[in-house]
Amino acid sequence: MKDILQELERRRGDAREGGGARRVEAQHSKGKLTARERIELLLDPGSFEEFDMFVSHRCTDFGMQDSKYSGDGVVTGWGTVNGRLVYVFSQDFTVFGGSLSETHAQKICKIMDMAMQNGAPVIGLNDSGGARIQEGVASLAGYADVFQRNIMASGVVPQISVIMGPCAGGAVYSPAMTDFIFMVKDSSYMFVTGPDVVKTVTNEVVTAEELGGAKTHTTKSSVADAAFENDLEALMEVRRLIDMLPLNNREKPPHRPFFDDPERLDMSLDTLIPENPNMPYDMKELIVKTADEGDFYEIQAEFAKNMITGFIRLEGQTVGVVANQPMVLAGCLDIDSSRKAARFVRFCDAFEIPILTFVDVPGFLPGTGQEFGGVIKHGAKLLFAFGEATVPKVTVITRKAYGGAYDVMSSKHIRGDFNYAWPTAEIAVMGAKGATEILYRSELGDAEKIAARTKDYEDRFANPFVAAERGFIDEVIQPHSTRKRVCRAFASLRNKKQTNPWKKHDNIPL
Ligand code: HXC
């Protein structure tokens, strides 16, 4: 009996060594943690339970039968984050470069199936050289099995990918189908074809970092949602995010204790809007001053900064925030900001997270770049996403809400539940100057007349009352009472039930 127990411990010890001390040291020397160290940091202490520790590959080509490692390059299992169940896989770069074999894929699929069955998020810590070259098509099949599960799990349980090393070839497509992608600066990259292939095919010379590093994907491509300084920071941020999210699509987001009075007034908001309507101000100030304890978890902070997306809590309940940012491009909607916000709104709707929208938008960004790039279709994504969403939706217009952008930004007409405006709101087809120049083109030579016309237009339309008179705005509220009003609004909507007509699925303009 004692021998058997010892044998178990020996085997366990063997598996825990991964690819051996030399490779672990190499991993550490790159500033990277090992697969197991990452799991230890991600999960509550002592909560990790491992699956398939003794699984090894079945490949016999290229002498592989003599080279086997327990676990086959991925550590899988489940544990808790602040007491809540999550499933995790963590690729072990010290074993065949974390490359994906048939059995490695089966391990990942097993925990994904468990996660779907038991309604808990899947967190993937990716650090892999891609398909296990020695296994050929068996490894490609393994990838496709994972992809299919990513698709089936989408909208059922939250899926989070952390890229903590190379992620190349088809390997990028599993993370790409998950809800959030985080990267680690300077040690992770993602691309479909690496720098060498790029050089051969297009003659472009580019480094791996330039082609697919964290900066590229958080600022240019928008493939990644955030980048962090090191493994530790990335893992702590995943814990913070998990705390905001429901475990699955049948559950409400977690309700956390809060210490911030829902009735709290903030008098400084009464002067947030500058006297001059063309002056910017920081919309983040409003978000932070509205949130419980000023806590804001921003998503895609470095991309399309004219739109802000992220999570706050109101009375302890998670709320998704979508807001125009007047500091960047005057808060205009454009291709990138529409795509960014549309994806966020759809995530919130899929997981029953209510949506708070702050509006200060002068319209869609004009230009050939936008039109040729398909702003019509991309803008329509956001319109579609807001319009199909059935979660509680509260909207506050702080200043401009012009033209089509007014309609798009969770207006009453696309099923906004509460549509508030500050007294500083201007809800109109366009700004006064532009409107006057079109309506009174023949008077353009006469500056005095045009100024008077502009003033007339402003007096008539540059306010929230025309919309309020029609019931498009439910109430004009004092800026300082914003937190109190939106908290009350969401509280009244806790039992909201709204359904869309039956369909197989919609056809959002992709
Ligand atoms: C098997 C691999 C491997 C792979 C790395 N290794 N990638 N083994 N299959 N795909 C092994 C190496 O042999 C080495 O083994 C160890 O992992 C570490 O690799 P190094 O090259 O020494 O590390 P480093 O210099 O850090 O470079 C890492 C790397 C590089 C950039 C990932 O290894 C690399 O380019 N690998 C190949 C990447 C690739 O082309 N993958 C296939 C993509 S196509 P030892 O024994 O020396 O420790 C693909 C298709 C999927 O994924 C399609 C799905 C639809």
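Refer to the preceding data block for the structure.
Conventions adopted
- Residues numbered from 1 in each chain as written.
- Predicted model: local features only at pLDDT ≥ 70, side-chain atom pairs only at ≥ 80, totals over all residues.
- Heavy atoms only, no water.
- Helix = DSSP H or I, 4+ residues; strand = E, 2+ residues; numbered from the N terminus.
- Buried < 20%, exposed > 50% of the residue type's maximum accessible area, 1.4 Å probe, protein only.
- Contact = heavy atoms within 4.5 Å.
- Areas by Shrake-Rupley, 256 points an atom, 1.4 Å probe, with all protein chains shown as cover.
- Lys, Arg positive; Asp, Glu negative; His and termini not counted.
- Charge placed at Lys NZ, Arg CZ, Asp CG, Glu CD.
- Expected span 1.5 Å × (residues − 1).
- Pairing = 2+ DSSP bridges.
- Right-handed = clockwise from strand over helix to strand, strands pointing away.
- Near = heavy atom within 4 Å.
- Polar contact = N/O pair within 3.5 Å; in protein donor to acceptor, adjacent residues only side chain to side chain.
- Nonpolar A, V, L, I, M, F, W, Y, C, P; charged D, E, K, R; others polar.
- Salt bridge = Lys/Arg side-chain N within 4 Å of Asp/Glu carboxyl O.
- Phe/Tyr/Trp six-rings, centres within 6.5 Å; stacked < 30°, edge-to-face > 60°.
- Lys NZ or Arg CZ within 6 Å of the ring centre and 35° of its normal.
- Core = buried A, V, L, I, M, F, W, Y, C linked by side-chain atoms within 4.5 Å.

(A) View of the overall build of the protein. If you tally the helices and strands in the protein, you get 19 helices and 16 strands. Referenced to the eigenvectors of the C-alpha coordinate spread, the extents of the protein come out at roughly 95 × 55 × 45 Å. When each of the 510 residues of the protein is scored for burial, the buried share is 52%. Taking all contacts inside the protein whose residues are at least 6 apart in sequence as the whole, residues at least 24 apart take part in 73%. Accessible area of the protein: about 23,200 Å², with a carbon and sulfur share of 55%. Each charge class in the protein can be summarised by its mean position, and for the 59 positive and 69 negative side chains these summaries are 3 Å apart.

(B) A look at helix α14 (residues 375-388). The first and last C-alpha atoms of α14 sit 20 Å apart over 14 residues, in line with the 20 Å expected at 1.5 Å per residue. Those residues of α14 not exposed but buried are V375, H378, G379, K381, L382, A385, F386 and E388.

(C) Up close: the pairing of strand β4 (residues 122-128). Here β4 lies mainly inside the structure; seven of its seven residues are buried. Burial along β4 is two-sided: the residues V122, G124, N126 and S128 and I123, L125 and D127 are all buried. Taken together, the six bridges between β4 and strand β5 (residues 159-168) define a ladder with parallel strand orientation. Paired with N126 across the strands is I163, a residue of β5. Viewed along the sheet, the connection from β4 through helix α5 (residues 137-153) into β5 turns out right-handed.

(D) Broad picture of the site of the ligand. Neighbouring the ligand are 19 residues; R23, G97, G129, A131 and I133 lie closest to it. A distance of 3.4 Å separates an oxygen atom of the ligand from a polar atom in the side chain of K30. I133 places a main-chain nitrogen or oxygen 3.1 Å from a nitrogen atom of the ligand. Starting from 1,000 Å² of accessible surface for the ligand in isolation, the protein chains cover 54%. Looking at the shell around the ligand, the elements that each hand over two or more residues are α5 and β5. It is α5 that provides the largest number of residues to the shell around the ligand, a total of three residues. Of the residues belonging to the shell around the ligand, the class tally is ten nonpolar, six polar and three charged.

(E) Layout of the pattern of salt bridges. Overall, the coordinates contain 30 salt bridges when judged by the stated rule. One salt bridge in this structure joins E50 and R36, with 2.7 Å as the shortest N-O distance. Pair noted here: E50 is in strand β1 (residues 49-51) and R36 is in helix α3 (residues 35-42), with a separation of 14 residues, a long-range link. Of the charged contacts, one joins R149 and D113 as a salt bridge, the two residues approaching to 2.8 Å between their closest N and O atoms. Here D113 lies in helix α4 (residues 102-118) and R149 lies in helix α5, a separation of 36 residues in the sequence. When its relative accessible area of 35% is taken as the criterion, D113 is described as partly exposed.

(F) Seen up close, the packing of aromatic side chains. Evaluation of the coordinates by the stated rule reveals eleven aromatic pairs. Geometrically, the ring pair formed by Y69 and F96 is edge-to-face, given 5.4 Å between the ring centres and 85 degrees between the ring planes. A residue pair is termed long-range when its members are at least 10 positions apart, and Y69 in the loop between β1 and β2 (74-81) and F96 in the loop between β3 (84-91) and α4 qualify at 27 residues. Considering the side-chain rings of F347 and F351, the 5.0 Å spacing of their centres and the 40 degrees angle between planes classify their relative orientation as tilted. By relative accessible area, F351 is classed as buried at 0%. Over the face of the ring belonging to F54 we find R11, whose NZ or CZ atom lies 5.8 Å from the ring centre.

(G) How the structure looks around the nonpolar core. Core analysis: the biggest nonpolar cluster contains 60 residues, and L125, L245, F311, V322, L382, I397 and M409 have the highest contact counts within it. Residue contacts for L125: discarding those within four places in its chain leaves R38, I39, L42, V88, F89, S90, Q91, V162, M164 and L235. Core analysis: the next-biggest nonpolar cluster, separate from the first, contains 27 residues, L269, L314, V321 and V394 among them.

(H) Layout of unusual backbone geometry. The backbone phi angle of E293 is positive, close to 50 degrees, even though this residue is not glycine. Looking at the secondary structure, you find E293 in the loop between α11 (283-290) and β9 (297-299). A positive phi angle is found at R415, which is not glycine, with a value near 70 degrees. Of note, R415 is situated in the loop between α15 (403-408) and β14 (418-421). Owing to a relative accessible area of 26%, R415 belongs among the partly exposed residues under this scheme.

(I) Expanded view of the environment of K289. With respect to the secondary-structure elements, K289 resides in helix α11. K289 sits in the partly exposed class, given a relative accessible area of 22%. The spacing of K289 and N306 is 17 residues in sequence and 19 Å in space, taken between C-alpha atoms. Residues within four places of K289 in sequence aside, it is in contact with R264, D266, S268, L269 and R483.

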